[in-house]
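Descriptive analysis of the structure
Here's the letter readout for the chains.
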Amino acid sequence: MNLAGREEAVRPGWAQLVRSLAASGVLVPPWTQVFEGLDRARFLPQVMWPYDMNSRNTTASDRANDPDAWFGYADANIPVTTQWDDGRHDGTAPGRVPTSSASAPSVVAAMLHALDVRDGMRVLEIGTGSGWSAGLLTRRLGGQQVTSIEVDPAVAAAAAAALHQAGLFPELVVGDGLLGHPQGVPFDRVVATMAVRSIPYAWVRQAAARGVVVTPWGTHFSNADAVVRLTVADDHNQAEGRFIRPVEFMKARSHRLARAAHAEYVPGGDVVAGADHIATTSLPAADLTDPAFSFVAGLLVGRDCVSVSDRRGPDVAYWLYGISDRSWAAAVLHDDRQTSTVYQGGPRRLWDEVEAVHDWWATAGQPGITRFGLTVTPHAETAWLDTPQQPVPAA
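No experiment lies behind these values; they were computed from the predicted model shown.

**Thoughts on the sheet that holds strand β10 (residues 207-217)**
Taken in spatial order, the nine strands line up as β8-β7-β6-β9-β10-β11-β12-β18-β19 in an open sheet, and their pairing is mixed. Of all the strands in the sheet, the pair left with one neighbour each is β8 (171-174) and β19 (381-385). Going across the sheet, the axis of each strand differs from the next one's by a mean of 20 degrees, ignoring polarity. In this sheet, strand β11 (residues 225-232) lies alongside β10 in antiparallel orientation, the contact comprising six bridges. Along β11, the bridge assignment pairs valine 212 with threonine 231.

Right, here's the structure in full:
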């Protein structure tokens, strides 16, 4: 079969993936039929960078050189990077920062299910990306009901070409999605395809009363994000809802962290000489690197602290950096030892703060992400455990 014929054929790999997602319960009717009729490969570029979930490595795949491998990745339940470094990247080697992608099909299915669209509803999508999600929504609702915004003109143009080639014509806008689309209000549903560090209140104001906002959300503490599903109040004075699943998403461009360089925290790189407080810790590496704990730590201290970890065999080098000051903490945690030495510097004791978070988390029964929720008002965001009446403690 030639390449063009392969693209138009119903490939066993995609059909198998759809069946697998349906069997797992993440893909439900009528989305099952929509996925069957609109595979992800239609929206992926000739050169893409699949992400191996186990090794956490990214490699290039060129459809012209190895179409079987390319389609294998396209039909796999993995995320695929489609742009690096805001388009300034050349060549096939991975760039520095992935800046546009096609999410894993299971994540797309889960977010569309959470969106709970009904016939006749109008949807605003923030982040057109490859165009696949906008295409799925258009197949489900019709082009007049879907508006999708993309900040990058080149990404937007590629998505438009793919959508139009598939016979799909949602309203496509090039602009800053964090501002929403006031010309089209109100929207019954708002969904974002990139993570934010705070909910743009424009999304809440542009949603209909009792409308729904679905977006990946997280803090600077780590890449452990979660999808939150918010329901907008009748008076638009708040939106509130639970986190529904853990994810890792690319960040909105203006929400990326711009932390100072390591050398500004520890001049000369000598943590022993640079520390002004040395102690021991019994925090296990498994807990500190657990995405659930990282997410919870972000809720309590992640507005002003970022963590970095590097596992090498049984050892994990773990760093904490202050965002608003030059506080820092460092330790090498060992799987086969109960205690490790912690070095801290700067005006705050960041490790002590994380120890306190761990104590609170352990006392609460090590709650997972889905026990937490978020209340958003025009002036604040408040995370809570189980009910809005139980806000998480302040840092």
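**Digging into the pattern of salt bridges**
This structure, assessed with the given rule, holds 17 salt bridges. A salt bridge links arginine 256 to aspartate 86; the nearest nitrogen and oxygen atoms lie 2.8 Å apart. Here arginine 256 is found in the loop between β12 (239-247) and α9 (262-265), whereas its partner aspartate 86 is found in the loop between β4 (80-84) and β5 (98-102), with 170 residues between them in sequence. Put simply, arginine 349 and aspartate 276 hold a salt bridge, and the shortest N to O gap is 3.2 Å. Linking arginine 349 in the loop between β17 (340-345) and α13 (350-363) with aspartate 276 in the loop between α10 (271-274) and β13 (277-281), this pair joins segments that are 73 residues apart in sequence. Taken together, the salt bridges that share partners define one network made up of Asp86, Asp152, Arg253 and Arg256.

**Here we look at the pairing of strand β6 (residues 123-126)**
Two faces belong to every sheet, and in a regular strand the side chains alternate between them. Along β6, one buried face is formed by Val123 and Glu125 and the opposite face, lined by Leu124 and Ile126, is buried too. Tracing the backbone out of β6, into helix α6 (residues 132-141) and back to the parallel element strand β7 (residues 146-150) gives a crossover that is right-handed. The sheet contact formed by β6 and strand β9 (residues 187-192) spans four bridges and is parallel. Bridging from a neighbouring strand, glutamate 125 pairs with valine 191 of β9.

**A few points about the nonpolar core**
With 55 residues, the main nonpolar core has Ile199, Trp203, Trp217, Phe243, Leu320, Trp351 and Leu374 as its most contacted residues. Ranked by the residues each element gives to this core, the list is headed by helix α12 (residues 291-301), at seven residues. When near neighbours in sequence (up to four residues on either side) are disregarded, isoleucine 199 contacts Val204, Thr215, Trp217, Leu230, Leu374, Val376 and Glu381. Counting 39 residues, the second-largest nonpolar core is a separate cluster that includes Leu27, Trp132, Leu136 and Leu163.

**Section: the pairing of β7**
Of all five residues in β7, five are buried, a share of seventy percent or more. Bridge count for β6 against β7 is four bridges, and the pairing is parallel. Within β7, the position partnered with isoleucine 126 by the bridge is isoleucine 149. Direction of pairing for β7 relative to β8: parallel, over a ladder of four bridges. Looking across to β8, one finds that glutamate 150 is bridged to valine 174. Traced from β7 through helix α7 (residues 153-165) to β8, the parallel crossover comes out right-handed.

Rules behind the numbers
Residues numbered from 1 in each chain as written. Predicted model: local features only at pLDDT ≥ 70, side-chain atom pairs only at ≥ 80, totals over all residues. Heavy atoms only, no water. Pairing = 2+ DSSP bridges. Helix = DSSP H or I, 4+ residues; strand = E, 2+ residues; numbered from the N terminus. Axes fitted to C-alpha atoms, helices over the stretch in contact; angles between N-to-C directions. Salt bridge = Lys/Arg side-chain N within 4 Å of Asp/Glu carboxyl O. Buried < 20%, exposed > 50% of the residue type's maximum accessible area, 1.4 Å probe, protein only. Right-handed = clockwise from strand over helix to strand, strands pointing away. Core = buried A, V, L, I, M, F, W, Y, C linked by side-chain atoms within 4.5 Å. Contact = heavy atoms within 4.5 Å.

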